[in-house]
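These are the residues of each chain, in order.
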Amino acid sequence: MTEGAKQVEIDGGRSIWAVTFAANGGYLLSGDDEAVRVWRVSDGEEVGTLAACDVRSIAVSKDGKRIAAGTELGRVIVWDAQTYERVFTHKESSSTIRAVDFSPDSTRLVIASGNCTASVWDLAARKQVLGPFHHEHGVVTAKYSPQGDRIATCANPASEGIRIYDTFTGELLTDIPINVTVDCNIGLTWSNDGQYLFVVSEGKIKQLQVSTKLAVSEWSVHSNESRACIGLSQHGEFIAYSSNRTVNFLDTSAGTNLGQVIKHDHDIHSIALSPDDRFIATSSEDRKITIRSLQDTFTLSSFSGPFIHVGGAVLDSWRQGRLVETDALLTEDIDSENPSLRTLPHRALIRARLQQWDAANDDAEKSINIRPSAIGLIAKGVALVGEGKKQEAYRACDLVFKYCDSDRVDILLAIKAVVVCMAGEYADAISRVGDLVSTTHDNSIYHTLQAYMRLLFGNSCLERKDYEGAIQLFERAQTQIRFHESRRLWTISLISGWQFDDLEITIQRQLCEALYAAGRAKQAEDALLKMVNSHTHITEPITAWISDFIQRCLTTPGPESSGDATSEADRQEHATTSPLLLAEWARIKLATNTWRDVLASAVGFRVPRVMIYRATCERLEMSDRLVDAIDCFHHMVNELAILRDGEVKWVLDFRHRCSRKLEDLGDAAFDRRHEESISWYSAALTLSPTTPQNLLVKRSKAYVAEGLSEDALNDANEIIKLDPASPLGYERKHAALRGAGRYTDAIDVFETMLSMISQSSDPEIRDRFHQYVKPETTEAVIRKAIQDVTHDLPRVLINTTSGCLLDKSEQASMFESSPGFMELVSLMTTDIDIARIEHEVARYYRYATLSHTWEANEPLFEKVIHIVVHELEESPTHHKLQMFCEIVRDAGFNWAWSDTCCIDKRNHVVLQEALVAMFKWYQGSALMIVFLRGVRSPSKRGDLVRSVWNSRAWTFQEYHAAEVVRFYTEDWKPYMNLDIPNHKESPEIISEMEEATGILAQALRALRPGLNDIREKLSLASRRKATFVEDAAYSLFGIFAVSLSVVYGERDKALGRLLAHLLASSGDTSILAWTGKSGSFNSCLPADIAVFNQLPMSHIPSAFKEITADRAPTRLPTSSPNLISATRLYERLSDLPVPLVSGKRIKIPCITFKLGRLRRASNHVFQAKADSVGTVEIRTTEDLSQLDSVYLTHPWVDFLLDRQPVGGGVATPAAENMPDGSSLLGPSSLNIPLIDQRMPTAMFGARFMQSLGARPAKPIHDSASLSPPSVMSPTDKRTQVLQFITRLRQPFGALLFTPARDNVAAYRRVATDSMITVQIQIDTPLDDLIPNARMLDVL
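### Considering the sheet that holds strand β1 (residues 7-11)
Stage number 1. Taken together, four strands build an open sheet; the order of strands is β1-β29-β28-β27 and the sheet is antiparallel. Each of the sheet's edge strands pairs with one partner strand only, and the pair in question is β1 and β27 (268-273). Geometrically, the sheet is characterised by an average inter-axis angle of 15 degrees between neighbouring strands, direction not taken into account.
Stage number 2. The pairing of β1 with strand β29 (residues 288-293) spans five bridges and is classified as antiparallel. Counterpart to Ile10 in the pairing with β29 is Ile289.

### Quick word on the nonpolar core
In globular proteins that are soluble, nonpolar side chains generally tend to be buried together.
Stage number 1. One finds Phe884, Phe967, Leu1133, Leu1155 and Leu1192 to be the most contacted residues of the largest nonpolar core, which totals 157 residues.
Stage number 2. When residues of this core are assigned to their parent elements, the largest contribution, nine residues, is made by helix α32 (residues 908-924).
Stage number 3. Aside from chain neighbours lying at most four places away, what touches Leu1133 is Ile1151, Val1197, Leu1200, Leu1201, Phe1284 and Ala1333.

### Examining the packing of helix α3 (residues 343-353) against helix α4 (residues 357-370)
Stage number 1. At a minimum axis separation of 8 Å, α3 and α4 run at an interaxial angle of 165 degrees. Taken together, the axis directions place α3 and α4 in an arrangement best described as roughly antiparallel. In the packing of α3 onto α4, the handedness of the crossing is left-handed. Across the interface between the two elements, Leu344, Pro345, Arg347, Ala348, Arg351 and Ala352 from α3 touch Trp357, Ala359, Ala360, Asp363, Ala364, Lys366, Ser367 and Ile370 from α4.
Stage number 2. Partitioning the contact of α3 with α4 into residue classes produces nine nonpolar, one polar and four charged.

### Some points on the side chain of Arg1024
Stage number 1. Structurally, the position occupied by Arg1024 is in the loop between α37 (1014-1021) and α38 (1031-1034).
Stage number 2. This buried residue, Arg1024, is left without a salt bridge; Glu958 holds the nearest opposite charge, at 7.9 Å.
Stage number 3. A polar side-chain atom of Arg1024 sits 3.1 Å from the main-chain carbonyl oxygen of Asn950.
Stage number 4. Within the structure, Arg1024 has its side chain in polar contact with the side chain of Thr955 (distance 2.8 Å).
Stage number 5. Sequence-distant contacts of Arg1024, that is, excluding residues within four places in its chain, are made with Trp949, Asn950, Ser951, Arg952, Ala953, Thr955 and Phe956.

Calculation notes
- Residues numbered from 1 in each chain as written.
- Predicted model: local features only at pLDDT ≥ 70, side-chain atom pairs only at ≥ 80, totals over all residues.
- Heavy atoms only, no water.
- Pairing = 2+ DSSP bridges.
- Helix = DSSP H or I, 4+ residues; strand = E, 2+ residues; numbered from the N terminus.
- Axes fitted to C-alpha atoms, helices over the stretch in contact; angles between N-to-C directions.
- Core = buried A, V, L, I, M, F, W, Y, C linked by side-chain atoms within 4.5 Å.
- Buried < 20%, exposed > 50% of the residue type's maximum accessible area, 1.4 Å probe, protein only.
- Contact = heavy atoms within 4.5 Å.
- Parallel < 35°, antiparallel > 145°, perpendicular 65-115°, else oblique.
- Left-handed = near helix turned anticlockwise from the far one by under 90°.
- Nonpolar A, V, L, I, M, F, W, Y, C, P; charged D, E, K, R; others polar.
- Lys, Arg positive; Asp, Glu negative; His and termini not counted.
- Salt bridge = Lys/Arg side-chain N within 4 Å of Asp/Glu carboxyl O.
- Polar contact = N/O pair within 3.5 Å; in protein donor to acceptor, adjacent residues only side chain to side chain.

These values are about where atoms sit, not about what they do.
Spelled out as structure tokens, the structure:
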């Protein structure tokens, strides 16, 4: 973990059941379902993998040389920690090995098994030496005491308590009855002195005194922990414990929580503290390991050790050596109203540390006078020894025994030895502590204390230039450092100022200095390397010293060496250590300096210059500073002209190694950062690899991706030069040329490559021929796509670039000669991407259409075919066409179409095709430009609907056909300055069109071609005007998706033919609901489309929506005879065919009612009676009195039978929603409300939308559309008949017919000025109507 880093997170990828730190704290080990893995703490990098299945427990020996793991299948494996070789395996049972633990001397291993036993194995002898220790249930943990004399075990369930065994005899020493939380294998741990056990039990952490089996301390944690792990710090000052998903820290002296709680998102499986207490590692259920620095997580709130009791800011400043600050804090307490009796002796110690001897002695004397205490006398002894009064100091220390308990004699003797050492009596002090070592059971503190004294003694020898004496002292001190309980050592540290945290590395540093000073340079260098390799965390001051020391070692021999000349033996001796020293020197120097500065600082080194370069290059490589490493390498090659054999081999290896790394970096960056990948590949090529083709291929690809086609081409040519027989160079050259837009050259290179492959003598290269696609194959596919796309295009289009009219063959040739065609051919080398081809071809042939109103002097086909559009002479209509083409070209379209010049109207076949296909052409255009003649900028709301364009017949279908529309004023500015791609989606235009048509925008947008909603479409078209009578019909061919012949000169017969076709194809008799003048094609059909400028309401009777036998209207005759008659009439009508058209004859199904004598009531108003409908009033300009017989008809059979609603069945709004409750068609005596055609209504729009969106267009002659709709769901024949009777009795709009004069079997329709509204009388026998249900043949 780097300086300042707070956390390293490792994704283990598997369930991780155990974690533990290596002995040096630099590495973390984890156990998962596949292996034991070794992770570097500094960066979380996996550095080792030890294969093992289903690992559930792991341990590292105290000397760091062995790793042990227990598996779920009962196997125990021990590895050598250096080589990862297995040194011991044992199959304990088929039960899980829940815990393994090494003895303190690392020679034995205790194994806790789920088969209810624990056993101890001698690793060297490979045999069981103790146990098995039996439990009634599976053993889940087994722990050696720090002294190695006892083993604690615990089983699951925890009601069996803790058992402690003697490790020499195997005897059960004690059984502690306690419920331990044992879900994880580290819920129990020993104190460092072996006198206590810390356990998680019943929601508490308990400190158990082993000798008494009693809990001497308890700390509440969580009441219900499903998982619990515990770890004790090296010095015993805090506990780390986990519960479920949190990690907490507990100050063991104060019993309070420390720092912040560490929270996880998942349950914690295991925790581990590093040996130096700098890190904590956790593994959790989400398969992750987290390593956190504890440096900033918490600080101890208080310290309570032998003789010293401090806390808070005093403790913090004292421990960190801020003694002046500590003095001020203590003085503040002394000057307070209630000073602590301990404060004076504490200040005496601080002042002694500050070498204020007199002040320290005064404080000590005052403290003793107030109340004699051990700490007061100790402070006096320290002050006196500082004044040089050794014997008085010793006597003061002797008096301390009078004020301390017997259990503190050992620490008091140690403190006196410290005072003796401070007096300069090193040998005596060391001897005194040696006595404690030999007579004290827990002697680790005294080993460490003796080591520190030897350090001080050795430093004294160094000052006196007694180098050999110093060396002996430092070497002996190295062997004495032990893991130790810190409270007593902390007491000594606070008293003396001695720092024990970095004691080991400090001793090793001084040993190096002593060896160097003694002229034993090789041993000094070895000692330095050992120090560096044994410590993962080295402080900055030590790092700086290492750099300086190596500089000294490499510059000159030690000062005590004989002579100035370096002998051959010396050179051989240093040959093994110099590279290692250089490597460490380079590591330190390069951390803060450039490689050039580092090389400059190496001037005067006694090693060959090439070794300095080598160390620098290798360190830069290891630090992933590859660019610097290569620059340094090239600098070396340029500086050192001659290299020896071994150096040449290193150069080659370095080139190969770095080249591969740079290539890998280029590969990794390729998909995201092409520029970076180019840099990596280029750097690799500077190393002169033996086969650079692969790098050149990759760099050429990156150049193409970055758009650097010329560079890519240079690399491709170089590849071809290096290996002309390989197709790789030609592939890259083809790609580079294609990237440069040189598609023809790219195809030529590709064909050359194919020719070379086919003629190659290498069979492997020849086999590659079949993986490529020949250009001619691709060309054929593209031509097929062109043919498919142009098939539906207009016969003639304007090329917006050239301004020429081109037919379909010329259109196809244009693409084949375009760069896009060659680009596609050059692109499809291994696979033909049909979707890509179709997309590109379709995109090329996108065209725009012009919607406008015709004017005088329009540019026609026969004129424009001979001239370029841009060269037409100046005129308003020519300018219109030119501006249209310019806007289309600027919008990115290659093609434009205008009905003025793109249709050869002299050719009847062409004209016929155009009129039929025009709707489809507008529908297929990518953009339609609407030119609003008469509307100038600035345009405003309402100009569109008032424009001439909005009144013309042809523009009706054009607007509804086009998907994307843009409106332009006559000065070619966007309408209302609307700057959006599609004006058809503009809210302003949508609202204008709604107001103009009275139809909701959703309904207008949903309008689609076909035979659905015929009446509504006719109503919309009826408001448009046409220059030619025939165009009123021809302009609707696309709207209705019909194809009829075009015969200009037939006048209103065109409309008749269209309506007859619609009637025959759809069966929609709403076409017959009109008033006005009959057309010349058939009397049933109108002469002018304007008659449909009324919504089809009055002819459709109102109806009951739900009629059943038990819900019939009260006046409905439901007797059996009436039902029988109604059934016969129903069946008769059902048997009638749909409307039929043959030539000009139309046959319609209906019920006829013969009228009696006609009487003129007034001018153009006639009255007559009929037996079934009563008195009828008829308004017509024809003199009905001259007719022999007249018939009324009920043609709305679809309605009577509840088949598909006639004309869409427009919903009727309530009368109160109408102006004055009336309609434009006049008052209805039968109270049938109508819709005002000018009033936009949501009801009409909603019904129109429903009819457009819900029903597909009816296919021609689809009789299925006349079947009863499913919404009625009649359950039986009786219900159907009752519904039929209800509809039959409703008012309806009748049509008037009379026999044709020249054909007794046929009839003609008598046109009326208004709809004839009648109602079948209630008392009319239904049997009388059956003969009148028939097909009426109308001319």
